[in-house]
Amino acid sequence: MDLYDYLPIVAFMIAGLAVGGAILTLSRIGPTKPNPAKEMPYESGILATTPVRQRFPIDFYLTAMLFIVFDIELAFLYPVALVMRDNGIPALVLLLVFTVTVVEALAYVWRKGALEWR
Amino acid sequence: MIVHEPFWLMLIKAALLAFVVITIFAYVMLAERKLLGRFQARYGPNRTGLMGLMQPLADVLKLVFKEDFTPRGANRVLFHIAPALVILTAVTGIALIPFGTTGEILGHEFNMYGTDLNVSVLVLFALAGIGFYGLILGGWASGNKYSLLGAARTAAQLVSYEVAMGLSIIGVVMISQSLSLVDIVHGQMTSVWYILLQPVGFLVFLVAAVAETNRVPFDLPEAESELVAGYLTEYAGLKFAMFAMAEYVNMIVLSGFGASLFLGGFDGPWLPGWIWLLLKIFVFLFGFIWLRATLPRLRYDQLMRFGWKVLLPIALVNLVVTAIVVGVFFQN
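Residues numbered from 1 in each chain as written. Chains lettered and ligands numbered in written order. Predicted model: local features only at pLDDT ≥ 70, side-chain atom pairs only at ≥ 80, totals over all residues.

1. Let's talk about the overall build of chain B
The helix and strand inventory of chain B stands at 12 helices and 2 strands. Along the chain direction, N to C, the helices and strands of chain B fall in the order α-α-α-β-β-α-α-α-α-α-α-α-α-α. On the principal axes, the C-alpha backbone points of chain B span a range of 60 × 55 × 45 Å. Counting only residues that meet the buried cut, chain B has 55% of its 332 residues in that class. Here the analysis covers contacts within chain B between residues at least 6 apart in sequence; of these, 77% occur between residues at least 24 apart. (Helix = DSSP H or I, 4+ residues; strand = E, 2+ residues; numbered from the N terminus. Buried ≥ 20, exposed ≤ 12 C-beta atoms within 10 Å, placed from the backbone. Contact = placed C-beta atoms within 7 Å.)

What follows is the structure, encoded as structure tokens:
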């Protein structure tokens, strides 16, 4: 297993870029007749009066932060899971202790209401 | 087992597989419209060519000749790059789906997959993560409130369900002791398909997969009744089609991923392995379409609550139970 095995990923990226680039180029074929009304952002037919980028509900940020926490915990679980059958009980104890901290974190944010969508 | 291939062969394989998957995408879309028609007691498209089989071509031609304009408030560079980024990650994901071990054409041996890494599962997650950027950038760069809200919702939904999906796979990893999809399939050939050992993990994976591909009942990012079309609102013509294409390619890749993890991948009697994998992928895809025809859309707070308060705890319990059973009874 060496870096050579990752080379096909590059090949597929080239294929993906080719597909994406080809379609982007093709999308130039259609007519271009811009006019001010057409270029307005779509707001169900109403004239846009307020700026587009406004303040956001806090829930989105909370979710993003929770994701980072849980995803990192997840990343730590993979190596332990891989060696579970080789190491048996010690690995199991390790994983259970770690899972307890994950569950504790989940219970905490749950009690604090961070999982409620307002 | 692994054949060392020159780079040009990889490129040919990449081009071929991308072509095949995109063709499958075109016909899955047609099949979806036909099946949805049947589910609703009508015919679906049947006028273009024999039984409507030329419908994808007609759709593409129509989209090519649509005007493709950029809204005034848009960030022009990102607005154009975003759909290409989504396609790029979707097509790259194909590389990791194993259609078999090795094959032979005209005396040349080659691997029946793009590549088989010892971290394939993680690479797929990483690619999915980069793919999110495309959707979110597309919505943000449109300069439209609906798009921006759709993008924010997409981000929150995708990251929420990614955690559950990652956890649902750990059981399989424990049993197979590998993150390489080929090894996982081989593990299933020598024992049983992991759906029998990990039924709960499979269900969590299924639900998360539907959410990750923004399909009904989790298609909140493009909920027409509240957000027009979410991050797609300002996209027209072929760029609009690129997002649809990426969604379907992602569905196909995730189906192949799920089939390899839980349904034995290319394992099966009589027929060649790649046919088995394709059949299993089609079963998944039919499930996606069936769900779309059957279920109503969730509300956004229900979606988030379900992801964090139902799916995540179930996945955690499944993980702990699997760990205890594997760690105590199935040591090497």
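Right, picking up where we left off after that structure.
2. Remarks on the overall build of chain A
Scanning chain A for helices and strands turns up 4 helices and 0 strands. Relative to a compact globule of 118 residues, whose C-alpha radius of gyration would be 13 Å, chain A shows 25 Å and is clearly more extended. If you line up chain A on its principal axes, its C-alpha atoms span 70 × 45 × 15 Å. When burial is assessed residue by residue, chain A has 21% of its 118 residues classed as buried. (Rg over C-alpha atoms; globule rule 2.2 N^0.38 Å.)

3. Description of the interface of chain A and chain B
Taken residue by residue, the interface counts 61 residues in chain A and 70 residues in chain B. Going through the elements one at a time, helix H1 (7–26), helix H2 (58–82), helix H3 (84–87) and helix H4 (89–112) of chain A are the ones with two or more residues in the side of chain A that touches chain B. The element that contributes the greatest number of residues to the side of chain A that touches chain B is H1(A), accounting for 16 residues.

4. Re helix H2 (residues 55–64) of chain B
All names here are of chain B. Of the positions making up H2, those classed as buried are Gln55, Pro56 and Leu63. An end-on view of H2 places all buried positions within 100 degrees of arc, on one side of the element. Facing away from the buried side of H2 by more than 90 degrees, the exposed set consists of Leu57 and Leu61. In this structure, the buried residues of H2 make contact with helix H1 (7–39) and helix H10 (237–262). (Arc of directions from axis to C-beta.)

5. Section: the confidence of the model for chain A
Detailed reading of the predicted coordinates is not advisable wherever pLDDT is low. When pLDDT is averaged along chain A, the result is 83, and 99% of the positions lie at 70 or above. Per-element confidence in chain A ranges from a low mean pLDDT of 84 for H3(A) to a high of 88 for H4(A). (pLDDT = per-residue confidence, 0-100.)

6. Concerning unusual backbone geometry
All names here are of chain B. Within the chain, Ala41 stands out as a residue other than glycine whose phi angle is a positive 60 degrees. Along the chain, Ala41 falls in the loop between H1 and H2. A positive phi angle, near 55 degrees, is found at Asn214, a position not held by glycine.

7. Side note on helix H5 (residues 145–176) of chain B
Residues and elements named next belong to chain B. Compared with the 46 Å implied by 1.5 Å per residue over 32 residues, the 46 Å span of H5 between its first and last C-alpha is a close match. Within H5, 32 of the 32 residues are buried, leaving the element largely enclosed by the surrounding structure. Once H5 ends, the next one or two residues include Gln177, with phi positive near 55 degrees. (Expected span 1.5 Å × (residues − 1).)

8. Here we look at the environment of B:Met29
Residues and elements named next belong to chain B. Assignment of secondary structure puts Met29 in helix H1. Sequence separation between Met29 and Gly256 is 227 residues; the distance between their C-alpha atoms is 17 Å. Ignoring anything within four residues of it in the chain, the contact list for Met29 reads Pro56 and Tyr248.

9. Here we look at the nonpolar core
Core analysis: the largest hydrophobic core is formed by 131 residues, its most contacted members being B:Ile87, B:Val91, B:Ala164, B:Ala208 and B:Val249. When residues of this core are assigned to their parent elements, the largest contribution, 20 residues, is made by H5(B). Not counting the four nearest positions on each side in its chain, B:Val91 is found in contact with A:Phe12, A:Ala15, A:Gly16, A:Val19, B:Ala18 and B:Val249. (Core = buried A, V, L, I, M, F, W, Y, C linked by C-beta atoms within 7 Å.)

10. Section: the packing of H10(B) against helix H11 (residues 273–294) of chain B
All names here are of chain B. The geometry of H10 relative to H11 is characterised by a closest axis approach of 9 Å and an angle of 120 degrees between their N-to-C directions. Looking at the two axes, H10 sits oblique to H11. Judged by the sense of rotation from one axis to the other, the crossing of H10 with H11 is right-handed. Note on element contacts: H11 touches H10 through Leu277, Lys280, Ile281, Phe284, Leu285 and Phe288, opposite Met251, Ile252, Ser255, Gly256, Gly258 and Ala259. Looking at the contact of H10 with H11 residue by residue, the class counts come to 8 nonpolar, 3 polar and 1 charged. (Axes fitted to C-alpha atoms, helices over the stretch in contact; angles between N-to-C directions. Parallel < 35°, antiparallel > 145°, perpendicular 65-115°, else oblique. Left-handed = near helix turned anticlockwise from the far one by under 90°. Nonpolar A, V, L, I, M, F, W, Y, C, P; charged D, E, K, R; others polar.)

11. Examining the packing of H5(B) against helix H8 (residues 199–212) of chain B
Packed helices, taken two at a time, are described by the angle between their axes plus the distance between the axes. Residues and elements named next belong to chain B. The geometry of H5 relative to H8 is characterised by a closest axis approach of 8 Å and an angle of 155 degrees between their N-to-C directions. By the angle class used here, H5 and H8 are roughly antiparallel. Of the two possible hands of crossing, H5 and H8 adopt the one that is left-handed. On H8, the residues touching Gln157, Leu158, Tyr161, Glu162, Ala164, Met165, Ser168, Ile169, Gly171 and Val172 of H5 are Gly201, Val204, Phe205, Ala208, Ala209, Ala211 and Glu212.

12. Details of the confidence of the model for chain B
Residues and elements named next belong to chain B. When pLDDT is averaged across chain B, the result is 85; 98% of the residues are at 70 or more. The element-level mean pLDDT for chain B is lowest in strand E1 (residues 102–105), coming to 73, with H8 highest at 90. Two summary scores accompany this predicted model of the complex, namely pTM at 0.89 and ipTM at 0.86.

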